[in-house]
Amino acid sequence: MWCKTCNIETNEDYCPICNTKTIEDIPAKIYWCPDCRIPIIQDETQANKGICPVCNTKIKYMSADLRPVFPEERLLIEILLEKKPNQFIKSSVWASNSRYYIDGKSFILPSKLFNKINVDDVIKKIDKYMEQNNYIFFDKYIERFIKANILRLNALKEEAFLFIKNVSSKYKIENIVLSFSGGKDSTVTSDIVIKALSNPRLVHIFGDTTLEFPFTQDYVSRYRKAHMMSIFKIAKNREQDFYNVCSDIGPPARMMRWCCSMFKTGPITRIINNLYRNQQILTFYGVRKSESVSRSKYNRVENNAESVKIQQQTVASPIFFWKDIDIWLYIFSEKIDFNDAYRLGYDRVGCWCCPNNTQRAQFLSKIYMPEQSKKWRAFLIDFARKIGKPDPEVYVDTGKWKARQGGNGLVSANDVKIKFTNCTTEDNAKIYKLVKPFDDELIGMFTPLGKISRDLGQKILNEILILDVKTNVPIISIQPFGEEKYEYTVKIKTMNVADHEKLQRMIQYQVRKFNACRKCLKCESLCKAGAISIIAGTYNIDSNKCIRCKMCVTAKYLEGGCMMDKYLRTK
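Description of the structure in this document. Please read these numbers as outputs of a predicted model, since none were measured by experiment.

**Structural notes on the sheet that holds strand 3 (residues 28-33)**
Judged by pairing direction, the sheet is antiparallel, and its 3 strands sit side by side in the order 4-3-5 without closing on themselves. Each edge of the open sheet is held by one strand with a lone partner, namely strand 4 (38-43) and strand 5 (60-63). Here the strands of the sheet are splayed against their neighbours by 50 degrees on average, with no regard to which way each runs. Judged from the 6 bridges that link them, strand 3 and strand 4 form a sheet pairing that is antiparallel. Residue pairing across strands places Tyr-31 opposite Ile-40, the latter belonging to strand 4.

In structure tokens:
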């Protein structure tokens, strides 16, 4: 444990000096050895801090984190800076975000440069000078890098092995899953878990979002061939088309990444439900604290219902406290194959069109995925015109589309608005507008609120009653209703309950689902009983599986009762 206030190591949860809550990881920094021309990772408690362990030269602080710049990216940087191609082929080149280090000397590659560069010219130059490029000097620096940081590597591996064995001891081996994305973090996590448990037969689940880099698909194929004993499952949403959904509800934005649920978490949930039914599982994820502010708030082992995206699993991350440079140290030392996108300069390899991608990543995609990039830009410009932006090209090229919020300008935004009138003849009854005819799908959505009875209602009115699961007393009456104001309506009355307002709020959530559901699969992931499923485009709740926990109708877990409320809500 480490106290950030006193800068001391302790075994206590609270600092014995200042009583501040301590953190698990001891801070580490990256230093530069001018003689070895490599980065050195040292933590605050290290005995020989400030000295290179290989040549005993005094080292200087370099950065909080670092990644290697492979020869392919180095050639691109030389072209962008208008240097002689392969000028730095003998140099040790590293990077941290947009700051690059060539033999320890730093410079920043300004993001505005990416908008000025002629992409076609860059592609021609890369093709022209690619054959002259090589890994001879790069490999020598990596060998030194491993040697200088071997103690750090051994400590990381030892701690991770103990963590994995301890967490796994509570689960059957067949209930342990590896979440595999094709990125470097999940690659290292998979490798270290397999080695720690001495079991090459572990289940891997790869979430194919349909938006993967082509380099990722190639790497996944190589990984599967190299791990023939592993059980490898591919989770893919084959029912939805990304561009069609974008046209309907708008492209994903930084605060509205509906794609994660629809194309990743949802399909993975289906695989887990199919394999494990209602069993609790342990999933090892390649999540790291240093990746982002949001991930820094995670716990290393997480099973809290509000934090875990798939309710059936407990998630654990062996590499939670590792830095980017630690990941590469492990990859190089263990000689693990990895995604070739990193060689080109990508520092993250999720979805290639993710709104969280940096300008540099977008620029790289223009070079290495030109057709997909042009198609995406054309779509975004067309979308900007559709929602009434005065200067669509500027809106797209400056990245303002990434900050989009809500469904302003979209016809589909009307579907999340709850429209109703109070019944004038009955108390606690409301007449709700529907966007489609009243049917069994709507009736089934009331399963979490009670038992559905088709026999006890007034048949002449086609009334359906929802009964309290404990007392069998009717608490909700549902019946189709004709009203001139709206084309489709339903009358829903609450009865025999203490809090009519609370129950009507849950009812409104289900009406919103019926009207606005885009089959995002969030509800499937949320349901820990596996009762909710989207079958043939229809929302279903299995009454035999539903445990009436009401998570799917509680704002704490599902704001507005439907993810579309967040994505399509307008001011």
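**Structural notes on the side chain of Arg-360**
Mapped onto the fold, Arg-360 is located in helix 12 (residues 359-368). A relative accessible area of 10% means that Arg-360 is categorised as buried. Setting aside its immediate chain neighbours within four residues, Arg-360 contacts Arg-67, Glu-73, Asn-97, Tyr-100, Phe-114, Gly-345 and Asp-347.

**A short note on the sheet that holds strand 8 (residues 99-102)**
A sheet is described by the order of its strands in space; here 4 strands give the open sequence 6-7-8-9, paired in antiparallel fashion. The open sheet has two edge strands, strand 6 (67-68) and strand 9 (105-108), and neither has a second partner. Two strands pair when backbone bridges link them, and strand 8 and strand 9 are joined in this way by 4 bridges, in the antiparallel orientation. From the neighbouring strand, Tyr-100 faces strand 9, where its bridge partner is Phe-107.

**A short note on the pairing of strand 22 (residues 532-535)**
Side chains Ile-532 and Ile-534 project from strand 22 onto a buried face, and the interleaved Ser-533 and Ile-535 project onto a face without burial. With 4 bridges joining them, strand 22 and strand 23 (residues 538-541) adopt antiparallel strand pairing. Within strand 23, the residue paired with Ile-535 across the bridge is Thr-538. Count of turn residues in the strand 22/strand 23 antiparallel hairpin: 2 residues, of which Ala-536 carries a positive phi of about 55 degrees.

**Looking at unusual backbone geometry**
For Asn-496, which is not glycine, the phi torsion reads 55 degrees and is therefore positive. In this structure, Asn-496 sits in the loop between strand 21 (486-494) and helix 16 (500-516). A relative accessible area of 55% places Asn-496 in the exposed class. Although it is not a glycine, Leu-521 sits at a positive phi angle of roughly 75 degrees. One can find Leu-521 in the loop between helix 16 and helix 17 (522-526).

**Some details on helix 7 (residues 214-226)**
The terminal C-alpha atoms of helix 7 lie 19 Å apart, and with 13 residues this matches the ideal 18 Å at 1.5 Å per residue to within 8%. Those residues of helix 7 that sit buried are Phe-215, Thr-216, Tyr-219, Val-220 and Tyr-223. Along the axis of helix 7, the buried positions cluster into a sector of 135 degrees, meaning they face one direction only. For helix 7, the secondary structure elements touched by its buried residues are strand 10 (176-180), helix 6 (184-197), strand 11 (203-208), strand 12 (231-236), helix 11 (341-344) and helix 12.

**Some thoughts on a positive patch on the surface**
Side chains of Arg-257, Lys-264, Lys-309, Arg-348 and Lys-566 sit close together on the surface and give a patch of like positive charge. Tracing the chain through its elements places Arg-257 in the loop between helix 8 (242-249) and helix 9 (258-276). Here Arg-257 falls in the partly exposed class, since its relative accessible area comes to 34%.

**Points about the nonpolar core**
Core analysis: the largest hydrophobic core is formed by 158 residues, its most contacted members being Phe-242, Trp-258, Tyr-346, Trp-376 and Ile-476. In this view, Phe-242 contacts Leu-211, Pro-252, Trp-258, Cys-259, Phe-263, Cys-353 and Trp-376; residues no more than four positions away in its chain are not counted. In this structure, Val-203, Ile-268, Tyr-276 and Ile-310 belong to the second largest nonpolar core, which totals 10 residues.

**So, the side chain of Thr-189**
Among the structural elements, Thr-189 can be located in helix 6. Take Thr-189: its relative accessible area is 1%, and that puts it in the buried class. Within the structure, Thr-189 has its side chain in polar contact with the backbone oxygen of Asp-185 (distance 2.9 Å). The residues contacting Thr-189, other than those within four sequence positions of it, are Leu-178, Phe-284, Tyr-285, Gly-286, Pro-318 and Ile-319.

**A short note on the environment of Asn-357**
Topologically, Asn-357 is positioned in the loop between helix 11 and helix 12. Relative accessible area serves as the criterion here: at 16%, Asn-357 is assigned to the buried category. Taking the C-alpha atoms as reference points, Asn-357 and Asp-565, 208 residues apart in sequence, are found 25 Å from one another.

**Observations regarding the packing of aromatic side chains**
Scanning the entire structure with this criterion turns up 33 aromatic pairs. Look at Phe-70 and Phe-338: their rings are 5.5 Å apart centre to centre, the planes differ by 40 degrees, and that puts the pair in the tilted class. Residue Phe-70 is located in the loop between strand 6 and helix 1 (71-80), and its partner Phe-338 is located in the loop between helix 10 (324-334) and helix 11; the two are separated by 268 residues in the primary sequence. A single burial state applies to Phe-70 and to Phe-338, both of which are buried. For the ring pair Tyr-135 and Phe-138, a centre distance of 5.3 Å and an interplane angle of 80 degrees mean the geometry is edge-to-face. A residue is classified by how much of its surface remains accessible, and Tyr-135, at 23% relative accessible area, is partly exposed. Judged by its relative accessible area of 12%, Phe-138 falls in the buried class.

About the thresholds
Residues numbered from 1 in each chain as written. Predicted model: local features only at pLDDT ≥ 70, side-chain atom pairs only at ≥ 80, totals over all residues. Heavy atoms only, no water. Pairing = 2+ DSSP bridges. Helix = DSSP H or I, 4+ residues; strand = E, 2+ residues; numbered from the N terminus. Axes fitted to C-alpha atoms, helices over the stretch in contact; angles between N-to-C directions. Buried < 20%, exposed > 50% of the residue type's maximum accessible area, 1.4 Å probe, protein only. Contact = heavy atoms within 4.5 Å. Expected span 1.5 Å × (residues − 1). Arc of directions from axis to C-beta. Patch = residues over 30% accessible without salt bridge, like charges linked within 9 Å, V, L, I, M, F, W, Y side chains within 5 Å. Areas by Shrake-Rupley, 256 points an atom, 1.4 Å probe, with all protein chains shown as cover. Salt bridge = Lys/Arg side-chain N within 4 Å of Asp/Glu carboxyl O. Lys, Arg positive; Asp, Glu negative; His and termini not counted. Charge placed at Lys NZ, Arg CZ, Asp CG, Glu CD. Core = buried A, V, L, I, M, F, W, Y, C linked by side-chain atoms within 4.5 Å. Polar contact = N/O pair within 3.5 Å; in protein donor to acceptor, adjacent residues only side chain to side chain. Phe/Tyr/Trp six-rings, centres within 6.5 Å; stacked < 30°, edge-to-face > 60°.

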